[in-house]
Every structure is written in structure tokens, then in C-alpha cells.
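Report on the structure
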Amino acid sequence: DISLIKLLSMAEFAKRPEVTIETMGKVHNPTGEGVRAISEKVKIKTQKIREQAAVKNETSDSNETKVKDVGSSSRNITRKKSGANEGTYNSRNKKQGGHGKGKWSSVMDGSLDDYPEPIDKNDPLYDETKEGKYILSGGGGDLADETPSGYYESEGKAIYGPMLTLPEFKIRLAESIREYFDSGDADEVIRSIEELKCRSFHPEVVKKAISLSLDEGPRERELISRLLTCLHPTPLDDQDMEGGFELLLQGLEELSIDCPDAKSMVGSFLARAVVDEVLPPAYLSTQNNERPGDPVVDKAVSLLSREHCTARLERVWGPGDGRPVAELKSVLDQLLKEYLMSRELDEAARCVRELNAPHFHHELVKRGVTHAMEAPDARDALDAMSALFSFLVKNAIVSEYQVAKGNSRLNKLVPDLSLDIPAAADLLSEYESMAKEMGCLPHSETKKNNSLSE
């Protein structure tokens, strides 16, 4: 009986409807989805929500790839057609070339090429560079009186004015000056400036050259003073030189931030330029009237007011490292005496390199041989000195020209040396044979000196 009752109850439970949204009655479902609408308000609300959802789906999925039958083995992909109406396809609208296969649109068919250029100067599209022979303008002045900077072959017209912009010109110029610091070839700098063909930017050469030398040593500043002499009067004339120093004086405050001694050094450049006849003396008078109390102009005037100013300003940067000649000679004497005591080639070469005076190395040779002759064992000292000069030449610290120049000076001083060193002539001959064997003295120089002594 009990089992029969259970079976009957299970059958009755199976006949009961499933529990769904419809059977549960009124629940919290604002959209009304799945529930039979029982009022007009609910119907209207449900219809509005469905319309908004349909519009949202159309705008978001109109350009997206649609996939049908998700999970099927075949790729049923429907892509957007290129026609005006989706679902249609027209090969005329296929993007081939400008407008279709073998066709061009009306904008790119070449019809605009025949459009005449505006010749009225009041026309907003009027371009004066396309009328006549001018391609580029230097920014002022009558270009018809100037020499063309180049020739534009494709247009068949001459180019007037600078070939480069000012920033490009400064970059090229800085590269040439830095190469000049290494080579010392002023002719190469002149050639590069002429090749740039930027005549109106020539005052920038003076400003850039001096500005770069302020960050370097006295040797580089001496090279720049010599370069300014080589640049005048061509390719830089008087106006370019005066304009360049004017630009330098205007930007001196900014230079003083990185180089505190900029004003003093620029004053030395001004005085040296007047001595080298790069600037006229009247230029300083004009600047003194326009800039009363300027420390740069006052520095230049004070240097030019000293006794023997011309000779002093020729050595305003020292013999090469900024020190006076007497001080440099004292350093050379100390270096050579220490070498004769220690015989350390590496240490002596390091000291010579630190002097940074390559055009003063002939003094090193002269004083070195003199100290060796005065040593107790003169022949051994001369052999050590020959070894030092050979080491310096092989390591490109001292040039053969400087060694030969120093040897030539020694031959001229033999009569004076013989007063203190009676065997000076014989010792010098022995030194020349040692230097010739070690390769630091050219053979031709030895023969020339022998003929002079005879």
C-alpha cells in the first residue's frame, strides 16, 4: 500500500506544469521579456525597449563581419557589399585605380593641369616666384643684381639666395670648424664655406667659430684667430666681419653662462682682429660709443693701449697652450732633466702630449740636445735623447718636421754652444748620426746641415 501511494503521488507531481516565468506570476522584470503583457502600458514600454535595442545593434554591427551558424564546420561569413545598398554588388564601384578599371575620376583626370596660373598680383593665389626667372629668394634686396647660387635644371631657372636654411648652414659650418681643429687646414674651411653658397649667412661664420673655440683650449683659439685672417677679405668682407662680431656681442650673455671667461676671451679676439687688420680700429671706437662701459670693448682697448701691443697680441693665446713662452720653456727643461734621470719613455711622452703645443716641439728638440751635451756622460745622454725623439716620432706625438727644425736651429747655435761646450760640433754630429739611424731625422736634413757647417 505504501509503495502504491508513493507511485500515485509521483504521477500527480509529474502532471504539474514546470515552474517558469509565466507560471511564477508577477516578478521583477522591467522589460517584460517572457511575460505575457496584461496592460497597454506594459506593451508600449516593451515595444520602445525593443526598438532602441534594434537601432543600437544596427549602428554597432553595420561595418562588422557577421558569422552565421556559430559552431558549424563551414565558414558562413557575410561581408559588407561595396554597393550603395547592402546585399547588392556592382563591379563599377570596385576600387580599381582612381575610379574603376581603366578610368579616372573627374578630379584626377588632368583637367586641372591646364588651369592658368593667376597673373593678377591682387589674386590670393598669385605667386611671384613662378613669374620670371626667380626660384628662391634670399630674403631681401634686389636679386637681379646678385650672382645666381645655382641652377634648377628641371624648371630651367636660376636660383638666387642661400642654398640652405640658417639651421642647416650652422650645422655644416660647425662640422667644418671641428675638422679644422684637428687638421689645422684653413684652406679646407674656406672651400667648404664657398661650396655652401650662403652669402647672406657669412656673418654667422665669425660668431660660430669664436663660440666653438671658447669651449676648447688656447691652441684652438689661436687657430680661430688665424682662420679669421685667412677668411678676410674673401670670402668674408669687412661688413661680414663687423656683422659677425656684432652678433657675437649681442649673444655674449648666453655664452657667459657656459663659459664664465667668455667676455675676457672675446675682448682678446677683438684686439687680435684689429692687430691682424681683420677689423678696422674705428670699429672699436664705434662700439665704445654705442656700448659705454662694456667690459668686452674695454678689454680690447686696454690690450691695444699697452706698449708693444702688436708683438704681445700675436702671443695673446701663448705659444700653443696659453702660457707665456718663458713658462713653457721652464716646463720643457724640467721634463727633459727628469727624463735623463729616469729614462722612462712613456712618462716623457705623456708629458709632451699634455703640453698640447705641437708647433713648439722644435724647442723641445733644441733644449733636449743641449741638456744632453751638458751632461757628464754626454754621448750616453745623446743616445737616450735620440731614443726619446724616435719614440715620439713613431707614436705621432712629434712630427719629423719639428725634429728637423730643431736640429737646424742647433746647427745655427753651434758657435755660441762652443763657448760653454768646446766639443759641441762633434757631439752634434754624433747626435745627427744617431737620430738618422733611429729614423727620427731625415737624411736630406743631415746633408743640408753638413753643407751649411762647411
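What comes next is a walk through the structure. All values reported here derive from a predicted model rather than from experimental measurement.

Scanning the chain from N- to C-terminus turns up 21 helices and four strands. Out of the 454 residues in the chain, the part that is buried amounts to 35%. Taking the contacts inside the chain whose residues are at least 6 apart along the sequence as the reference set, 64% of them involve residues at least 24 apart. Summed over all atoms, the accessible surface of the chain reaches about 29,400 Å², with 51% contributed by carbon and sulfur.

On to the nonpolar core. Counting 50 residues, the largest nonpolar core has Ile224, Phe245 and Leu270 as its most contacted members. If you list the elements that add at least two residues to this core, you get α4 (166–183), α5 (186–196), α6 (203–214), α7 (218–231), α8 (238–250), α10 (262–275), α11 (281–290) and α12 (295–304). With residues near it in sequence (within four places) discarded, isoleucine 224 still touches Ile177, Tyr180, Phe181, Ala209, Ile210, Ser213 and Phe269. With 42 residues, the next largest nonpolar core counts Ala378, Leu382, Val398 and Ala435 among its residues.

Taking 1.5 Å as the rise per residue, α8 with 13 residues should run 18 Å; its terminal C-alpha atoms sit 18 Å apart, in good agreement. Looking at α8, one finds that the buried residues are Asp240, Met241, Gly244, Phe245, Leu248 and Leu249. Check the buried side of α8 and you find it contacts α6, α7, α9 (252–258), α10, α11 and α12. Residue aspartate 237 occupies the N-cap position of α8, its side-chain oxygen lying 3.4 Å from the main-chain nitrogen of glutamine 239.

Another aspect to go through is unusual backbone geometry. Comment: phi is negative for the bulk of residues other than glycine, and the bulk of peptide bonds are trans. For the bond running from histidine 232 to proline 233, omega is 10 degrees, close enough to zero to count as cis. You can see proline 233 is positioned in the loop between α7 and α8. In this structure, proline 235 follows threonine 234 across a cis peptide bond, with omega equal to 5 degrees. Mapped onto the fold, proline 235 is located in the loop between α7 and α8. Despite not being glycine, histidine 308 has its phi angle at roughly 55 degrees, a positive value.

Attention now moves to α11. Among the residues of α11, Tyr283, Leu284 and Gln287 are the ones counted as buried. The arc that holds the buried residues of α11, viewed along the axis, is 95 degrees, so those residues lie on one side. Residues Pro281 and Asn289 are exposed on α11 and point more than 90 degrees away from its buried face. At its buried positions, α11 is contacted by α8, α10 and α12.

Moving on to the pattern of salt bridges. If you walk through the whole model with that rule in mind, you get 17 salt bridges. Between aspartate 237 and arginine 199 there is a salt bridge, with its nearest N and O atoms 2.9 Å apart. You can see aspartate 237 sitting in the loop between α7 and α8 and its partner arginine 199 sitting in the loop between α5 and α6, a full 38 residues away along the chain. The class of arginine 199 is partly exposed, set by a relative accessible area of 45%. A network of salt bridges, in which partner residues are shared, links Asp333, Glu363, Lys366, Arg367 and Arg409.

At a closest axis distance of 10 Å, the pairing of helix α14 (residues 325–342) and helix α17 (residues 378–394) adopts a crossing angle of 110 degrees. By the angle class used here, α14 and α17 are roughly perpendicular. Crossing handedness for the pair α14 and α17: right-handed. Along the contact surface, α14 presents Leu336, Tyr339 and Leu340, while α17 presents Ala381, Ala384, Met385, Ala387 and Leu388.

Rules of the game
Residues numbered from 1 in each chain as written. Predicted model: local features only at pLDDT ≥ 70, side-chain atom pairs only at ≥ 80, totals over all residues. Heavy atoms only, no water. Helix = DSSP H or I, 4+ residues; strand = E, 2+ residues; numbered from the N terminus. Buried < 20%, exposed > 50% of the residue type's maximum accessible area, 1.4 Å probe, protein only. Contact = heavy atoms within 4.5 Å. Areas by Shrake-Rupley, 256 points an atom, 1.4 Å probe, with all protein chains shown as cover. Core = buried A, V, L, I, M, F, W, Y, C linked by side-chain atoms within 4.5 Å. Expected span 1.5 Å × (residues − 1). Polar contact = N/O pair within 3.5 Å; in protein donor to acceptor, adjacent residues only side chain to side chain. Arc of directions from axis to C-beta. Salt bridge = Lys/Arg side-chain N within 4 Å of Asp/Glu carboxyl O. Axes fitted to C-alpha atoms, helices over the stretch in contact; angles between N-to-C directions. Parallel < 35°, antiparallel > 145°, perpendicular 65-115°, else oblique. Left-handed = near helix turned anticlockwise from the far one by under 90°.

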